[in-house]
Amino acid sequence: MSSLNSSRTNTLVLALGANISSPAGPPIATLISTKPLLEKVICEWMQVVQETDQDISSIYSSLNWTWSPLYKTKPIGGPSNQPDYVNAVVIIKGGFLNKKNPSENAALELLKRLLKLETEFGRNRASSKIRWGPRSLDIDIISWGELHLNTSNLKLPHPRLTERAFVVIPLAKAMQKYSNDITQITGQKGWPE
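Once a new chain begins, its residue numbering starts again from 1 and follows that chain's sequence as written. Only residues with pLDDT of 70 or above have their local features reported here, since the model is predicted, and side-chain atom pairs are shown and tallied only from 80 upward, although totals for entire chains, interfaces and linings are computed over all residues. Side-chain numbers come from the whole structure's heavy atoms, not from hydrogens or water.

Engineer: Mind showing me how you'd approach the overall build of the protein chain here?
Structural biologist: Along the protein chain, the regular secondary structure elements total five helices and seven strands. Relative accessible area decides the class of each residue, using a 1.4 Å probe on protein chains only: under 20% of the type maximum gives buried, over 50% gives exposed, and in between gives partly exposed. Across the 193 residues in the protein chain, those meeting the buried criterion constitute 38%. Contact definition: two residues touch when any of their heavy atoms are within 4.5 Å. The contacts in the protein chain between residues at least 6 apart in sequence include a share of 71% that link residues at least 24 apart. In the structure as shown, the protein chain presents an accessible area of about 11200 Å², 54% of it carried by carbon and sulfur atoms. Numbering of helices and strands starts at the N terminus; helices are DSSP runs of H or I of at least 4 residues and strands are runs of E of at least 2. Only the protein chains shown count as covering a residue, and every accessible area follows the Shrake-Rupley method with a 1.4 Å probe.

Engineer: So what exactly am I meant to see when it comes to the pattern of salt bridges here?
Structural biologist: If the charged atoms of two oppositely charged side chains come close together, the side chains can form a pair. Each salt bridge in this description consists of a side-chain nitrogen of Lys or Arg and a carboxyl oxygen of Asp or Glu lying within 4 Å of one another. Here the structure, examined in full by the defined rule, presents seven salt bridges. A salt bridge links Glu44 to Lys40, with the nearest nitrogen and oxygen atoms 3.4 Å apart. Pair noted here: Glu44 and Lys40 are both in helix H2 (residues 27-49), with a separation of four residues, about one helical turn. Between Asp84 and Lys72 there is a salt bridge, with the nearest N and O atoms lying 3.9 Å from each other. Of this pair, Asp84 sits in the loop between strand E3 (71-73) and strand E4 (85-93) while Lys72 sits in strand E3, placing them 12 residues apart in sequence. What you see here is one network of salt bridges that share partners, running through Lys72, Lys74 and Asp84.

Engineer: Explain the nonpolar core to me, please; I cannot follow it from the model alone.
Structural biologist: Most often, soluble globular proteins have nonpolar side chains that are buried together. Leu12, Leu14, Leu38, Ile42, Trp45, Ile92 and Ile141 are the most contacted members of the largest nonpolar core, which totals 36 residues. Of all the secondary-structure elements, those providing two or more residues to this core are strand E1 (12-18), H2, strand E2 (64-67), E4, helix H4 (104-120) and strand E5 (138-144). For this core, the element with the most residues is H2, which contributes eight residues. Residues within four places of Ile42 in sequence aside, it is in contact with Leu12, Leu14, Trp65, Ile92 and Leu110. Ranked by size, the runner-up nonpolar core spans eight residues in total, among them Val13, Ala15, Ile91 and Ile142. What makes a nonpolar core is a set of buried Ala, Val, Leu, Ile, Met, Phe, Trp, Tyr and Cys residues whose side-chain atoms join them at distances within 4.5 Å.

Engineer: I tried to follow unusual backbone geometry on my own but got confused; where do I start?
Structural biologist: Peptide bonds are trans in most cases, and residues, glycine excluded, mostly fall at negative phi. Cis peptide bonds are those with omega within 30 degrees of zero, and the linkage from Leu156 to Pro157 qualifies with -10°. Assignment of secondary structure puts Pro157 in the loop between strand E7 (155-156) and helix H5 (165-176).

Engineer: I keep staring at H4 and nothing clicks. Help me out?
Structural biologist: Think of an α-helix as turning once every 3.6 residues; residues three or four places apart then point the same way. The first and last C-alpha atoms of H4 sit 25 Å apart over 17 residues, in line with the 24 Å expected at 1.5 Å per residue. Among all positions in H4, only Ala106, Ala107, Leu110, Leu111, Leu114, Leu117 and Glu118 are buried. For H4, the arc enclosing every buried residue in end-on projection is 140°, short of the 170-degree limit, so these residues lie on one face. Pointing more than 90 degrees away from the buried face of H4 are the exposed residues Asn105, Lys112 and Lys116. Buried-residue contacts for H4 involve E1, H2, E5, strand E6 (149-150) and E7. Remark: Gly122 follows H4 within two positions and exhibits a positive phi of approximately 95°. Given a helix with a known number of residues, its expected span is that number minus one, times 1.5 Å. Taking the helix axis as origin, the arc is that swept by the directions to the C-beta atoms.

Engineer: Is there a simple way to explain the pairing of E4 in this structure?
Structural biologist: In summary, the side chains of a regular strand alternate between the two faces of the sheet. Along E4, eight of the nine residues are buried, which leaves the element largely enclosed by surrounding structure. By definition, two strands form a pair when at least two bridges between them are found by DSSP. Pairing of E1 with E4, which is carried by seven bridges, proceeds in the antiparallel orientation. Considered in E4, the bridge of Leu12 is made with Ile92. As paired elements, E2 and E4 share four bridges and run antiparallel to each other. Within the sheet, the bridge partner assigned to Trp67 lies in E4 and is Val90.

Worth remembering: the numbers are spatial, not functional.
Quick look at the structure:
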């Protein structure tokens, strides 16, 4: 294995959103309730794909979890009368995540588990015929390491990532928590921003 490959991190990025009530309550309550369950789903998924007997708490503590703040955002697409969304992003890196190279099978297994979690919060993808319609919970895999997928069920990195401020802004805020060696410079002559 080259030193380049061994220094790569298999960072996993997920985006969450909701704009209608779930069994947990309104969208903010839904995302707050989802957070610990999503962390558990990720750890259980790692336990399976790593084929390890490590307990969930060991897997959890080996990972660096960086959650964005919650953001209120306008819907993009779908019916014009739907309520605003509450969105967030989580970045997961390190530990057990770096022991498994990203793969299509593992990514699809994660997707299956995320869809099940959505269902537990009242989302029924099969009955919803409205593209980009209201959602009690939406969890998207945005990226996983350098994995590129283009299947009917999952495309990675997420193809509309850069078109979605409701992902980009929370992602930037979460990424900012990783490093304090970046400082915005005040406006300059010729560069007022």
